[in-house]
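Residues per chain are reported as follows:
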Amino acid sequence: MEAYLDNSATTKCLEEVKDIVVKTMTQDFGNPSAKHLIGVYAERYLREAREAIGKTLKVTEKEIFFTSGGTEADNWAIIGTALANQRMGKHIITSSVEHAAVLEPMRYLESLGFSVTYLDVDRYGRVNLEQLRQAMTKETILVSVMYVNNEVGALEPISEIAHIVKEKNPSALFHVDAIQAYGKYRIYPKKTGIDLLSVSGHKIHGPKGIGFLYINEKVKIKPLILGGGQQKGMRSGTDNVPGAAGLGVAAKMAYESYEEKWNHLLSLKKSFMEQVGQIENVTFNSLPGEEGAPHIVSVSFEGVRSEVLLHALEERGIYVSAGSACSSNKKQTASHTLLALHMPRQLLDCTLRFSFCEMTTMEEIAYSAQTLCQLVPALRRYARH
């Protein structure tokens, strides 16, 4: 039996997504910038995808801009707004547990003379709201906080953050990295007070290499990619029609039978945590139930190195992650997210992330939990010798 429990790294493409991607690569393959009929057909796919995405967020089609993925969307939201609004101030606020796609642009802006405040988090990765209140000034031009943490599934208090930001400085912009949240939560930016929102296609059963950035029409932002003037001059480059069309389908389908999918994920999470919780000396870094994201569970198995356990599971057809897949190729002593949680030193290298999707079955959960119950004690005995 196999169990793919690394859905926060990437998800399996839906058949409907695959079909429209193939169709737009082999039949309706025109360049949407072309003036002839084939180009017009291609442009229609882009418009329909924007409309489908806009409906899920209750925003307009013209506020959706396609990118090469979540990393570009985050970079553009942060660097583009900082450069466009720096005359109003050069102070930015973010959290200490953001994805590298947010933290690296922050460090880049610091090299340009911007000041960045990194908010502390609690044991489960939730930001300190009082610290945010105190950090906000008239010089603050941007606050960027993720909706769901990609490593431990922390659900950030986005509505409260938006309220504090707008109350303390109405002109400050609020960016949300929703890459692990879109499709799992109903997100309405205009109602919540979110000015920019980043999403990646391959996290919601869409294609890789495509994402989007929602930009409120009132936001002042500079383009980062210049060239042919596509997407109203905001993001140049030949439009990725197959990717956008696939993303549009994935976005629409993500919110079909929404409650049923949500309850399924919660059931998977509850069952997994109950079964794995029977193992001695196990620490959950994710909150149970609806307090945390329904699809991510971070677990520390004291006395067993994460890499050893990961490969032992792999040999039995169970695929998980030791952290963020995007940074797994970097040489680092420990995850910055786990360090920010003030995790005990002995657990830093003993932590795995298990992440589910609507396709995950209870049988996969049971098989994975039973395998862990067998493997962990055996590996602990081996490690002592």
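These lines cover the structure that appears in this document, whether it is placed above or below. This structure is a prediction, so every number in the text was calculated from the model and none was measured.

A closer look at the overall build of the chain
Reasoning step 1: A count of helices and strands for the chain gives twelve helices and twelve strands.
Reasoning step 2: The principal-axis extent of the C-alpha atoms belonging to the chain is close to 70 × 55 × 35 Å.
Reasoning step 3: Out of the 385 residues in the chain, the part that is buried amounts to 58%.
Reasoning step 4: Sequence separation of 24 or more characterises 74% of the internal contacts of the chain that already satisfy a separation of 6 or more.
Reasoning step 5: Accessible surface, the chain as shown: approximately 17,100 Å² in total, 52% of it carbon and sulfur.
Reasoning step 6: Of the charged side chains in the chain, 43 are positive and 43 negative; the average position of the first set lies 5 Å away from that of the second.

Notes on the sheet that holds strand 4 (residues 115–119)
Reasoning step 1: Taken together, seven strands build an open sheet; the order of strands is 2-8-7-6-5-3-4 and the sheet is mixed. Edge positions in the open sheet fall to strand 2 (64–67) and strand 4, since each of these has one partner strand only. For this sheet, the mean angle separating the axes of adjacent strands, direction not counted, is 20 degrees.
Reasoning step 2: Here four bridges tie strand 3 (residues 91–95) to strand 5 (residues 140–144), and the two strands are oriented parallel to one another. What sits directly across from Thr-94, in strand 5, is Ser-144.
Reasoning step 3: Helix-sheet contacts for helix 2 (residues 37–57) involve strand 2, strand 7 (196–200) and strand 8 (211–215), and the interaxial angle to strand 2 is about 115 degrees.

Describing the sheet that holds strand 12 (residues 351–355)
Reasoning step 1: Taking strand neighbours across the sheet as the criterion, the three strands line up as 9-10-12 in an open arrangement whose pairing is antiparallel. Strands with a single pairing partner mark the edges of an open sheet, and in this sheet they are strand 9 (282–284) and strand 12. Strand-to-strand twist in this sheet, taken as the mean axis angle between neighbours without regard to direction, amounts to 25 degrees.
Reasoning step 2: Across three bridges, the pairing between strand 9 and strand 10 (residues 296–301) is antiparallel. Residue pairing across strands places Thr-283 opposite Ser-300, the latter belonging to strand 10.
Reasoning step 3: The sheet contacts of helix 9 (residues 258–276) involve strand 9, strand 10 and strand 12, and relative to strand 10 the element is tilted by about 10 degrees.

Describing the pairing of strand 5
When a strand is regular, its side chains alternate between the sheet's two faces.
Reasoning step 1: Summarising burial for strand 5: five of the five residues are buried, a large majority.
Reasoning step 2: Pairing analysis gives three bridges linking strand 5 to strand 6 (residues 173–177), with the strands arranged parallel. In the sheet register, Ser-144 faces strand 6, and the bridge partner there is His-175.
Reasoning step 3: Crossover handedness for the path strand 5 to helix 6 (residues 158–168) to strand 6: right-handed.

Comments concerning the packing of aromatic side chains
Reasoning step 1: In the structure shown here, the tally under the stated rule is nine aromatic pairs.
Reasoning step 2: Each ring, one from Tyr-185 and one from Trp-262, has its centre 5.2 Å from the other, and the planes form 65 degrees; the classification is edge-to-face. Of this pair, Tyr-185 sits in the loop between strand 6 and helix 7 (189–192) while Trp-262 is found in helix 9, placing the two residues 77 residues apart along the sequence.
Reasoning step 3: Classification of Tyr-185 as buried rests on a relative accessible area of 10%.
Reasoning step 4: On the basis of relative accessible area, Trp-262 is assigned to the buried category, the value being 13%.
Reasoning step 5: Positioned above the aromatic ring of Phe-114 is the side chain of Lys-90, whose terminal nitrogen or guanidinium carbon lies 4.8 Å from the ring centre.
Reasoning step 6: Here Arg-186 stacks its cationic end above the ring of Tyr-258, 4.2 Å away from the centre of that ring.

Regarding the side chain of Asp-177
Reasoning step 1: With respect to the helices and strands, Asp-177 occurs in strand 6.
Reasoning step 2: For the buried residue Asp-177, which engages in no salt bridge, the nearest side chain bearing the opposite charge is Lys-203, 9.0 Å off.
Reasoning step 3: A polar contact of 3.0 Å, which involves the side chain of Asp-177, links it to the backbone nitrogen of Ile-179.
Reasoning step 4: Sequence-distant contacts of Asp-177, that is, excluding residues within four places in its chain, are made with Asp-74, His-99, Val-102, Val-145, Met-146, Tyr-147 and Ser-198.

Considerations on the pattern of salt bridges
Reasoning step 1: The tally for this structure, following the rule as stated, stands at 16 salt bridges.
Reasoning step 2: Among the salt bridges present, the one from Lys-18 reaches Asp-19, with a minimum N-O distance of 3.9 Å.
Reasoning step 3: Judged by relative accessible area, which is 45%, Asp-19 ranks as partly exposed.
Reasoning step 4: Two residues, Arg-47 and Glu-43, come together in a salt bridge whose shortest N-O distance is 3.1 Å. Linking Arg-47 with Glu-43, this pair stays in helix 2, spanning four residues, or about one helical turn.
Reasoning step 5: Judged by its relative accessible area of 30%, Glu-43 is partly exposed.
Reasoning step 6: One network of salt bridges, in which partners are shared, links Glu-15, Lys-18 and Asp-19.

Quick notes on the rules
Residues numbered from 1 in each chain as written. Predicted model: local features only at pLDDT ≥ 70, side-chain atom pairs only at ≥ 80, totals over all residues. Heavy atoms only, no water. Helix = DSSP H or I, 4+ residues; strand = E, 2+ residues; numbered from the N terminus. Buried < 20%, exposed > 50% of the residue type's maximum accessible area, 1.4 Å probe, protein only. Contact = heavy atoms within 4.5 Å. Areas by Shrake-Rupley, 256 points an atom, 1.4 Å probe, with all protein chains shown as cover. Lys, Arg positive; Asp, Glu negative; His and termini not counted. Charge placed at Lys NZ, Arg CZ, Asp CG, Glu CD. Pairing = 2+ DSSP bridges. Axes fitted to C-alpha atoms, helices over the stretch in contact; angles between N-to-C directions. Right-handed = clockwise from strand over helix to strand, strands pointing away. Phe/Tyr/Trp six-rings, centres within 6.5 Å; stacked < 30°, edge-to-face > 60°. Lys NZ or Arg CZ within 6 Å of the ring centre and 35° of its normal. Salt bridge = Lys/Arg side-chain N within 4 Å of Asp/Glu carboxyl O. Polar contact = N/O pair within 3.5 Å; in protein donor to acceptor, adjacent residues only side chain to side chain.

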